[in-house]
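Summary of structural features
Each chain, written out:
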Amino acid sequence: MSGTVLLPPEAPAEAAARAVVAAAGDLAELWRHTLVLPHAGLSAGLATALRQCAGGACPLPRMFTLDQWLARQPVAPARLGRPRLVAELQRQLAAQGWLQAADHWAMAAELATLFEELGRHSGACGKGFPDTAEALGELLAAAYRTRDSSLVRLDARLVHELWFACEGRPQWGLSPWQRDALAMARLLEVPEGPLWVFDCDAFSPQASRFFAAYGERAALTLLRLDPDTPTPAAADAGCPARAAWVKASLAAQHGALRDRAAAWRAQQPVAPAGIRLRGVLGREAEARDACDTLCAWLAEGLGRIAVVACDRALARRLRALLERRGVLPEDKAGWLLSTTRVGAAVRDLLRLQRRPTPALLRACIDSPLLGAEVQDLLRGLLGRALDGQAANAPLDWQALEHHAAATAGAVWLATLRRVLVTLGQRRRPLADRIAALLDALQALAPDLPADPAAAQLLAHLQQCQAALASHTAPSSAAEFADWLDWTLGETLFRDDAVRSPVLLTHPAAVRGLDFDAILVVGADAAHLPATAARSRIVRDAARAELGLPDAAARRARAADDWCLLMGSAPRIEISWQTLDDRGEPVAASPFVLLMQRFHALAWGGPLPEAEPFARPQPASPAVLLPVEQAPGVCPTHLSPTGYQALLDCPYKWFVRDGLRLNATEEAIEGTDHADFGDAVHRMLRLLHERQPRLQTLGQEAAVQRLDAVAAEVFEPLVARDFGAGAWLERWRKVATAYVDWQLAREAAGWQVDAAAGERALAASLEVAGGSDLTLRGRPDRIDAMGASQAVVDYKTGARKPLERLTKDPSEDGQLVLYAHMVEGVTQVAYLPLGSDALDRDTLLKPVILEADALHEAVEGHRARLAETFRRLAAGDALPAMGDAEACRYCAARGLCRKDHRATP
């Protein structure tokens, strides 16, 4: 026998407690009842509600999560947990030669998740897993709407063989879902009294089938969270549930939005209160407003506040701001171990073992693996020796040992070398490698467990070691490093030591809880509802065919979570950033937009907006000028590159050209993109100096001549760095297209002026007060056709940024300024020579500005430049106003603090 009790989203624990106490009748019989919870965080609130409902101390029902309850059953343990299953699947992928080696761990993890879902959802909706790979291939082909099943044959065979390998290998042991099935069968044989299932919709189909079978043998009550169910006080007053109108706004299948809104207005003429919105300019401003809101709520005496973070980057910034104000939130969402300092340090230690370099040794010394005293000692002993070695060159151990001779540093170096040798020994099982890593961390950092993140990382490694004890397949040091990257990249760190009235969590984790106030941050379209990672094997179209939840099911679940969230507190504020880091508009979540539209249709006005916080800026002392207004930085000469920097971000130009502050350049051992660009410019200059007209050679001979020049230019680069050969091959992919473009250009009448290429040019421009500004530059190439001239600039980067020359010439001053410096210029052009330079016909397509458009751009930049320097001479401010592209590689980013300002 079974029944269902609907719980309101506000104070659901109290409603559940009343139902349990009423059903038990005699309080002394409460202990015979079992209450199954979706997560352990609900138990404290339910226990308090039960005691309040009973009027004092009383025996409580047994409360477990489903995992805890099943773990108590005397059946065989599950030995094929996720770490072991992923390792076995990775072994099978490697043995079969499926996929690239770099994909094995990520693909094995994806398959393990798929198999877990198949195990939990097996038989859902009457669907099961196909018996043959061919049948699975036909199912996938039908789902993807393709008639040719050969297109998915590899996917079908891979999934099918590994699924039955997972299900049918006794030596691998029981999987968790198999062990749960045995425990459920045991409970059905010997039921443990009346059963209550809190938030029954939160469980898997496997669990739901078990509950239904249990209800045929003992009393079963399903406690279902329902947005439409009001609290008893609201029901007595005839008011609908607070979350019900939100559910109505999202229920697209129940008629038009206008009709639903009209029905609600007739039912409730007065607009419900309690929900406010806040659109903020930028992530930093949103974090600051959220911090101020929380501090204001705490000052009011609110005792239980939830921060529902849809954007984890924003959550981390908010946490930092709260800690500055002395508020430590209880973070239940957590963050990945791979993003913690200790996680990065352990991965760097393995990289140091595989290729010791001074840079990695410095990272190891500066990491949390070592205490402050040991770090200071090693920096003093080894700093000079490390300074004398190139950052990415092979580490000179002898020089280090010479500097640290007869000191404590020598002992540490000896320990480090011994540890690295142990970590890099011959192929051996993963469990042995984990044991060696744990021993290495104990030897290098005995105090590491004192750090909370480090303690959880060590505990996770120990659990993985135990889970992989029977996995005997040998692994190399490189495979172990890949495994560590995978496991740290999917394991969360949570600081469980913090107990705070402020709970930081995510939307799904709020189900069944109630608060005094809720603050939702990051509620934009990109983060709410959250998008699931795209599957590379069984994609979304086929999931429903296998009885697994697809995108529509996940969206429906997210909408249900959102509706319950809107009823879980009397005060709710929802915020999102209206502009992203590039200054582009950001849309609010579709959930928020539908709520806004529904509210306007039903009650004739928008949802209330939260009042903005006033933050007056303190005035600078009158005797001091802000640094952005420093006088005397108006230069007498300017290059086109400097002018482009001024356009991109005035503060960036001020730091580089005004204050002459530049970041220290790092020595790069290998060939990088800058070296490639220099080589391309040099080879084309040499080609046209030696052969001004390629038409005299013909296409085939011209290609051979260019290839010979390329080999000549790249020869010293390849001799220094073998990897430079890859850059040479990259050039050869566009070399033929360059010759074809040059021949077509010569046929159109343009000739290369070889003597003018990369020649220093100068021109004057009258600016404020009658003074002259000297423009200086070196154009890559100048072409001539009669009295007309053209400036061509070679670009080895991406093509898309170059297109602003024609789309918005006012924002591209570098090339346009050359048209002022070179007499008779009628055309300027960027010639892309990078990896995306070729179009569909494998032809080069330059970005050209000419004729009237060029003339207008030149005049516009002349006037703009004169006005800009007039304002500079007057001491106008130079604000940090660069977009994300300008900020990406800016050396002044740490000075302007733009990332941490309230507005972009």
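Residues numbered from 1 in each chain as written. Predicted model: local features only at pLDDT ≥ 70, side-chain atom pairs only at ≥ 80, totals over all residues. Heavy atoms only, no water.

This brings us to the overall build of the protein. Looking only at helices and strands, the protein has 35 helices and 23 strands in total. Within the protein, the proportion of its 904 residues that are buried is 47%. Expressed as a percentage of contacts within the protein between residues at least 6 apart in sequence, the contacts between residues at least 24 apart total 76%. In the form shown here, the protein has an accessible surface area of approximately 42800 Å², with 53% of it arising from carbon and sulfur atoms. (Helix = DSSP H or I, 4+ residues; strand = E, 2+ residues; numbered from the N terminus. Buried < 20%, exposed > 50% of the residue type's maximum accessible area, 1.4 Å probe, protein only. Contact = heavy atoms within 4.5 Å. Areas by Shrake-Rupley, 256 points an atom, 1.4 Å probe, with all protein chains shown as cover.)

We now examine the sheet that holds strand β7 (residues 305–309). Strand order in the open sheet formed by 6 strands is β6-β15-β14-β7-β13-β8, and the pairing between neighbours is parallel. Each having just a single partner strand, β6 (275–280) and β8 (330–331) make up the two edges of the open sheet. Of the strand pairs in this sheet, β8 and strand β13 (residues 502–505) are connected by 2 bridges, and their pairing is parallel. Note that in β13 the partner of Asp-331 across the bridge is Leu-504. Strands β6, β7, β13, β14 (517–521) and β15 (571–577) of the sheet are contacted by helix α13 (residues 283–300), whose axis makes an angle of about 165° with β15. (Pairing = 2+ DSSP bridges. Axes fitted to C-alpha atoms, helices over the stretch in contact; angles between N-to-C directions.)

Mapped onto the secondary structure, His-861 falls in helix α33 (residues 851–873). The class of His-861 is buried, set by a relative accessible area of 1%.

Before going further, it helps to examine the environment of Leu-80. Summarising the element assignment, Leu-80 is placed in the loop between α3 (66–71) and α4 (82–96). Assessed through its relative accessible area of 0%, Leu-80 is described here as buried. Residues Leu-80 and Leu-174, spaced 94 residues apart in sequence, show a C-alpha to C-alpha distance of 5.6 Å.

What follows deals with α13. Taking 1.5 Å of rise per residue, 18 residues should cover 26 Å, and α13 covers 26 Å from first to last C-alpha, within 8% of that figure. What α13 keeps buried is the set Glu-284, Ala-285, Glu-286, Ala-287, Asp-289, Ala-290, Cys-291, Asp-292, Thr-293, Leu-294, Cys-295 and Trp-297. If you follow the buried residues of α13, they end up packed against β6, β7, α14 (312–324), β13, β14 and β15. (Expected span 1.5 Å × (residues − 1).)

With that settled, the discussion passes to helix α8 (residues 176–189). If you check α8, its first and last C-alpha atoms are 20 Å apart, about what 14 residues at 1.5 Å a residue would give, namely 20 Å. Buried within α8 we find Trp-177, Gln-178, Arg-179, Asp-180, Ala-183, Met-184, Leu-187 and Leu-188.

Applying the stated criterion across every chain, the model contains 15 aromatic pairs. Pairing Trp-731 with Tyr-738 gives two aromatic rings, centres 6.4 Å apart and planes at 50°, and the pair type is tilted. Taken individually, Trp-731 and Tyr-738 each receive the classification buried, so the pair is uniform in this respect. Among the aromatic residues, ring-to-ring pairing joins Trp-69, Phe-203, Phe-210, Phe-211 and Tyr-214 into one connected group. (Phe/Tyr/Trp six-rings, centres within 6.5 Å; stacked < 30°, edge-to-face > 60°.)

Our next topic: the pattern of salt bridges. Evaluation of the coordinates by the stated rule reveals 41 salt bridges. Its salt-bridge partner being Asp-376, residue Arg-379 comes within 3.5 Å of it at the nearest N-O pair. In this pair, Arg-379 and Asp-376 are both assigned in helix α17 (residues 372–387), 3 residues apart and thus about one turn of the helix distant. The class for Arg-379 is partly exposed, based on a relative accessible area of 39%. Between Asp-793 and Lys-795 there is a salt bridge, with the nearest N and O atoms lying 3.2 Å from each other. According to the relative accessible area criterion, Lys-795 is partly exposed, its value standing at 22%. Salt bridges linked by common partners bring Asp-199, Arg-511, Arg-557, Asp-560 and Asp-561 together as one network. (Salt bridge = Lys/Arg side-chain N within 4 Å of Asp/Glu carboxyl O.)

In this section: the state of the cysteines. Within the structure shown, the criterion is met by 0 disulfides. Free of any disulfide, Cys-58 has its nearest cysteine sulfur in Cys-53, 8.8 Å distant. (Disulfide = S-S within 2.5 Å.)

This paragraph deals with the sheet that holds strand β21 (residues 788–795). Pairing between sheet strands relies on hydrogen bonds along the backbone, with the strands arranged either parallel or antiparallel. If you trace the 5 strands from one edge of the open sheet to the other, you get β17-β20-β21-β22-β23, paired in mixed fashion. Each edge of the open sheet carries a strand with a single partner, namely β17 (751–752) and β23 (847–850). Two strands pair when backbone bridges link them, and β17 and strand β20 (residues 781–785) are joined in this way by 2 bridges, in the antiparallel orientation. Bridge assignment links Val-752 to a residue of β20, and that residue is Asp-783. On top of the sheet, helix α32 (residues 814–821) reaches β21, β22 (825–832) and β23; it is set at about 150° to β22, its chief contact.

Further remarks concern the pairing of strand β18 (residues 761–766). Burial along β18 is one-sided: Leu-761, Ala-763 and Leu-765 are buried, and none of Ala-762, Ser-764 and Glu-766, which face the opposite way, are. Note that β18 and strand β19 (residues 772–777) share 6 bridges and pair antiparallel. By the bridge assignment, Ser-764 is partnered in β19 with Thr-774.

Turning our eyes to something else, we now look at a nonpolar patch on the surface. Together, Leu-659, Leu-661 and Leu-895 give the surface a local cluster of nonpolar side chains, amounting to about 260 Å² of exposed area. Structurally, Leu-895 is set in helix α35 (residues 893–896). The class for Leu-895 is partly exposed, based on a relative accessible area of 49%. (Patch = residues over 30% accessible without salt bridge, like charges linked within 9 Å, V, L, I, M, F, W, Y side chains within 5 Å.)

In terms of nonpolar packing, the biggest core is built from 75 residues, with Trp-412, Leu-437 and Trp-483 touching the most fellow members. Setting aside its immediate chain neighbours within four residues, Leu-437 contacts Val-346, Leu-349, Leu-350, Leu-423, Leu-461, Phe-480 and Leu-484. Among the nonpolar cores identified, the runner-up in size contains 63 residues, and Ala-15, Val-21, Leu-46 and Ala-49 belong to it. (Core = buried A, V, L, I, M, F, W, Y, C linked by side-chain atoms within 4.5 Å.)

What follows concerns the environment of Glu-573. Within the secondary structure layout, Glu-573 lies in strand β15. In the structure, Glu-573 is positioned 283 residues away from Ala-290 in sequence and 9.3 Å away in space, judged by C-alpha atoms. What Glu-573 contacts, discounting residues up to four positions off in sequence, is Arg-276, Arg-278, Thr-293, Trp-297, Ile-518, Leu-519, Val-520 and Ala-610. Among the polar contacts listed, one links the side chain of Glu-573 to the side chain of Arg-276, at a separation of 2.3 Å. (Polar contact = N/O pair within 3.5 Å; in protein donor to acceptor, adjacent residues only side chain to side chain.)

Turning our attention to the packing of helix α12 (residues 257–267) against helix α25 (residues 590–603). Interaxial distance between α12 and α25 falls to 8 Å at its minimum, and their mutual angle equals 55°. With respect to α25, the element α12 is oriented oblique. The handedness of the crossing between α12 and α25 is right-handed. The residues of α25 that touch α12, namely those facing Leu-257, Arg-258, Arg-260, Ala-261, Trp-264 and Arg-265, are Arg-597, Phe-598, Leu-601, Ala-602 and Trp-603. Broken down by class, the residue content of the contact of α12 with α25 amounts to 7 nonpolar, no polar and 4 charged. (Parallel < 35°, antiparallel > 145°, perpendicular 65-115°, else oblique. Left-handed = near helix turned anticlockwise from the far one by under 90°. Nonpolar A, V, L, I, M, F, W, Y, C, P; charged D, E, K, R; others polar.)

Residues other than glycine predominantly adopt negative phi, and peptide bonds predominantly adopt the trans conformation. Look at the link from Leu-528 to Pro-529: it is a cis peptide, with omega at -5°. Examined against the element boundaries, Pro-529 turns out to sit in the loop between β14 and α23 (540–543). Even without being glycine, Ala-11 reaches a positive phi, approximately 55°. Tracing the chain through its elements places Ala-11 in the loop between β1 (2–7) and α1 (12–24). One non-glycine residue, Asp-199, adopts positive backbone phi at about 55°. Counting through the fold element by element, Asp-199 comes out in the loop between β4 (195–198) and α9 (205–215).

Turning our eyes to something else, we now look at the packing of helix α26 (residues 640–648) against helix α27 (residues 650–658). As a packed pair, α26 and α27 sit with axes 5 Å apart at the nearest point and diverge in direction by 135°. The orientation of α26 relative to α27 falls into the category oblique. Listed contacts from α27 to Thr-641, Gly-642, Ala-645, Leu-646 and Asp-648 of α26 are Pro-650, Trp-653, Arg-656 and Asp-657. Looking at the contact of α26 with α27 residue by residue, the class counts come to 4 nonpolar, 2 polar and 3 charged.

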